[in-house]
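Chains, contacts and geometry: an overview
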Amino acid sequence: MSIKLRTSLWFTLMVLLLSVMILVFVLLINGASITGDPTERLVKVVTHNVEDAEFDNGKFDWDDLKLYKNGVSCVVYNKSGEYLKGAHIQGIEFSDYPLKDGLVRKIEISGKNYLMYDVYVNMEISGIWIRGVVAESWVSGLIDTILILTCILLPCILVLAFGGGWLISWGAFRPMNKILAAADSISGGGDLSARINLKRGSSEMRRLSRSFDNMFSRLEKSFEAERQFTSDASHELRTPITVILAQCDRAKRKDKSPEDFINSINIIQEQAQGMSELVQGLLGITRLQHGTDRYKLKKADLSQFCLACAGEFVPEDPRGIKLTCNVENGIEAKFNPALMQRLIINLLQNGYKYGKENGNLILSLEKDGDKIQLSVKDDGIGIMPEDLNKIWQRFWQEDPSRNDRGSSGLGLAMVKEIVEFHGGTVRVESRRGEGSEFIITL
Ligand code: ADP
């Protein structure tokens with residue numbers, strides 16, 4: 001059974017229950033007038049009135065008479081049978097019936113049975129007749145009305161309750177179809193770009209749709225990361241694998257000297273080492289980009305940290321390049337030390353790699369308001385203007401034949417990811433032949 005149907009049925013049941021309770025309540029309050037033996041009620045009410053009837057100062061005192069009680073209507077006539085006072089039952093005139101003392105009679109008016117009871121009250125000077133009339137059926141006028149109302153109104157109210165409940169839940173659950181359609185298109189057709197993007201609907205549904213959309217975005221990102229990793233890795237590993245296989249074939253040839261053999265082993269080892277570094281680097285970037293690894297940020301002295309990184313850094317091939325640190329003291333920042341160290345080292349490494357012999361490399365850190373600027377400047381080969389945008393791409397190298405250790409074309413892509421992870425920006429200013437400056441703003 002759908003939630004819509006269940007909710008609507010529940011509403012309807014509650015309304016029905018409430019109506020029945022009200023009906024029972026009304027019946028209980030008016031119980032005496034509606035139920036109970038009509039003859040008994042008739043005699044009782046008339047007898048009470050007989051006892052209460054008084055003749056005071058030459059006049060009848062009506063005040064104590066109960067002319068309508070418990071469904072019994074009473075009429076008072078004088079001694080000669082003329083109407084003095086009294087109630088009518090639903091406008092029916094009972095005066096036409098002859099007065100008969102102490103007799104409970106059954107009469108029929110317009111197909112309905114009534115009981116009639118007359119008593120003559122003898123008083124000092126004169127006397128009066130008190131006539132009581134009651135409907136014989138237990139269904140009195142009041143209950144008639146209640147039942148008629150119940151029979152007409154209750155079905156209407158129930159239909160309204162069911163219809164209203166159905167409409168409300170239908171409206172509330174309509175966005176669910178959009179959510180389901182998006183989920184189906186993702187799981188069925190693999191369309192990871194599908195979004196629910198719910199603009200209208202209840203706030204709960206909009207929250208749900210937002211959560212789903214966020215989840216879909218994360219899924220899309222991680223699928224995309226996996227796809228990119230697989231394609232990058234298979235593309236980049238193709239060359240070293242070809243080299244390794246070729247070296248293996250070479251080494252297996254019988255006419256090779258031990259030196260040739262050792263040479264092949266060295267080449268294989270170098271290529272395997274390069275492959276291992278490439279896979280590590282690629283994994284690092286992918287994880288950082290898609291948040292698979294959780295890196296914690298902590299507040300620390302970035303000035304001290306930069307100086308420590310520069311001090312510990314040992315370039316593979318310094319070529320007489322002089323490293324200078326222009327670091328403003330006491331700059332605090334929130335950063336991840338492992339990632340920040342990687343960033344600084346990548347930039348310094350590039351500075352040495354692409355710097356000119358006996359050149360200069362400057363690491364600077366300064367604070368401007370709430371912005372921190374970290375830069376690495378060299379006076380090396382510089383970058384061609386048309387390549388300035390390409391250097392951040394994975395595996396892009398101006399000179400792809402460069403396959404010395406640590407040159408995989410991943411360094412700057414990693415730098416960019418680390419900067420973005422820290423909520424900063426990175427840019428490069430470079431002139432061919434004059435040098436480059438990498439500026440990071442945090
Ligand atoms: P890798 O240095 O491993 O080749 P990077 O991602 O660090 O990869 O750099 C990508 C390319 O950008 C380099 O191959 C080089 O052509 C260029 N590049 C990076 N840093 C500098 C620099 N300081 N001076 C000149 N060119 C640079």
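In the block above lies the structure referred to throughout.
Keep in mind that what you see is a predicted model, and the values were worked out from it rather than measured.

Considering the site of the ligand
- Neighbouring residues of the ligand: 20 residues in total, closest Asn350, Tyr354, Gln397, Ser408 and Leu412.
- Here an oxygen atom of the ligand sits 3.0 Å away from a polar atom, N or O, in the main chain of glycine 409.
- In this structure, serine 436 approaches the ligand through a side-chain N or O atom, which is 3.4 Å from a nitrogen atom.
- Against a free-state accessible area of 530 Å², the protein chains account for coverage of 98% of the ligand.
- Listed by contribution, the elements that provide at least two residues to the shell around the ligand are helix H8 (337–353), helix H9 (411–421) and strand E15 (435–441).

Overview of the sheet that holds strand E13 (residues 371–378)
- If you walk across this open sheet you meet the five strands as E10-E12-E13-E15-E14, and the pairing is mixed. Edge positions in the open sheet fall to strand E10 (322–327) and strand E14 (425–431), since each of these has one partner strand only. For this sheet, the mean inter-axis angle between neighbouring strands, taken without regard to orientation, is 10 degrees.
- Here strand E12 (residues 360–368) runs beside E13; their pairing, made up of eight bridges, is antiparallel.

Some points on the side chain of aspartate 213
- Position of aspartate 213 among the secondary structure elements: in helix H5 (residues 203–252).
- The buried charged residue aspartate 213 lacks any salt bridge partner; its closest oppositely charged side chain belongs to arginine 195, at an N-O distance of 5.0 Å.
- Non-local contacts of aspartate 213, meaning those with residues more than four positions away in its chain, are made with Arg195, Ile196 and Asn197.

A short note on H9
- The complete set of buried residues in H9 reads Leu412, Ala413, Met414, Val415, Glu417, Ile418 and Val419.
- Elements that come into contact with the buried residues of H9 comprise helix H6 (258–290), H8, E14 and E15.
- Following H9 by one or two positions, glycine 423 has its phi on the positive side, about 75 degrees.

So, unusual backbone geometry
- Of note in this structure, arginine 319 is not a glycine but carries a positive phi near 45 degrees.
- As for its placement among the helices and strands, arginine 319 is situated in the loop between helix H7 (302–312) and E10.
- Judged by its relative accessible area of 25%, arginine 319 falls in the partly exposed class.
- Phi at phenylalanine 395 is positive, roughly 70 degrees, even though this residue is not glycine.
- Classification of phenylalanine 395 as buried rests on a relative accessible area of 13%.

Considering the nonpolar core
- Leu302, Leu343 and Ile344 are the most contacted members of the largest nonpolar core, which totals 46 residues.
- By residue number, the principal contributor to this core is H8, which donates seven residues.
- Beyond its immediate chain neighbours, meaning those up to four positions away, leucine 343 contacts Leu374, Val415, Ile418, Val419 and Ile440.
- Core analysis: the second largest hydrophobic core is formed by 17 residues, Leu65, Val72, Val121 and Met123 among them.

Let's talk about the environment of glycine 291
- For glycine 291, the position within the fold is in the loop between H6 and strand E9 (298–301).
- According to the relative accessible area criterion, glycine 291 is partly exposed, its value standing at 30%.
- Each C-alpha atom of the pair glycine 291 and serine 222 lies 8.9 Å from the other, and the pair is 69 residues apart in sequence.

Focus: the side chain of serine 264
- Take serine 264: it is sitting in helix H6.
- Assessed through its relative accessible area of 1%, serine 264 is described here as buried.
- Residues in contact with serine 264, not counting those within four places in the same chain, are Gln247, Arg250 and Ala251.

Digging into the pattern of salt bridges
- Following the criterion strictly, the structure yields eleven salt bridges and no others.
- Its salt-bridge partner being arginine 319, residue aspartate 317 comes within 3.8 Å of it at the nearest N-O pair.
- Take aspartate 317: its relative accessible area is 46%, and that puts it in the partly exposed class.
- We note a salt bridge from glutamate 429 to arginine 427, for which the minimum N-O separation is 2.5 Å.
- Judged by relative accessible area, glutamate 429 falls into the partly exposed class, the value being 41%.
- On the accessibility criterion, arginine 427 (39% relative accessible area) is partly exposed.

Some words on the packing of aromatic side chains
- Tallying each qualifying case throughout the model produces eight aromatic pairs.
- Consider the rings of phenylalanine 212 and phenylalanine 216, whose centres lie 5.9 Å apart with planes at 50 degrees: the pair is tilted. Here the residue phenylalanine 212 and the residue phenylalanine 216 both occupy positions in helix H5, the gap between them amounting to four residues, near one helical turn.
- Phenylalanine 212 sits in the partly exposed class, given a relative accessible area of 24%.
- Both rings, one in phenylalanine 305 and one in phenylalanine 335, keep their centres 5.0 Å apart while their planes meet at 55 degrees; by these two values the pair is tilted. Remark: phenylalanine 335 occurs in strand E11 (residues 332–335) and phenylalanine 305 occurs in helix H7; sequence separation between them is 30 residues. Like phenylalanine 305, the residue phenylalanine 335 is buried in the burial classification.
- For the cation-ring pair, arginine 174 lies above tryptophan 170, with the distance from its terminal atom to the ring centre recorded as 5.1 Å.

Focus on a negative patch on the surface
- On the surface, Glu54, Asp56, Asp63 and Asp64 cluster together to form a negatively charged patch.
- Looking at the element boundaries, aspartate 64 is found in the loop between strand E2 (59–61) and strand E3 (68–69).
- In this structure aspartate 64 comes out as partly exposed when scored by relative accessible area, which is 36%.

About the criteria used
- Residues numbered from 1 in each chain as written.
- Predicted model: local features only at pLDDT ≥ 70, side-chain atom pairs only at ≥ 80, totals over all residues.
- Heavy atoms only, no water.
- Near = heavy atom within 4 Å.
- Polar contact = N/O pair within 3.5 Å; in protein donor to acceptor, adjacent residues only side chain to side chain.
- Areas by Shrake-Rupley, 256 points an atom, 1.4 Å probe, with all protein chains shown as cover.
- Helix = DSSP H or I, 4+ residues; strand = E, 2+ residues; numbered from the N terminus.
- Pairing = 2+ DSSP bridges.
- Axes fitted to C-alpha atoms, helices over the stretch in contact; angles between N-to-C directions.
- Buried < 20%, exposed > 50% of the residue type's maximum accessible area, 1.4 Å probe, protein only.
- Lys, Arg positive; Asp, Glu negative; His and termini not counted.
- Salt bridge = Lys/Arg side-chain N within 4 Å of Asp/Glu carboxyl O.
- Contact = heavy atoms within 4.5 Å.
- Core = buried A, V, L, I, M, F, W, Y, C linked by side-chain atoms within 4.5 Å.
- Phe/Tyr/Trp six-rings, centres within 6.5 Å; stacked < 30°, edge-to-face > 60°.
- Lys NZ or Arg CZ within 6 Å of the ring centre and 35° of its normal.
- Patch = residues over 30% accessible without salt bridge, like charges linked within 9 Å, V, L, I, M, F, W, Y side chains within 5 Å.
- Charge placed at Lys NZ, Arg CZ, Asp CG, Glu CD.

Taken by themselves, the reported measurements are silent on function.
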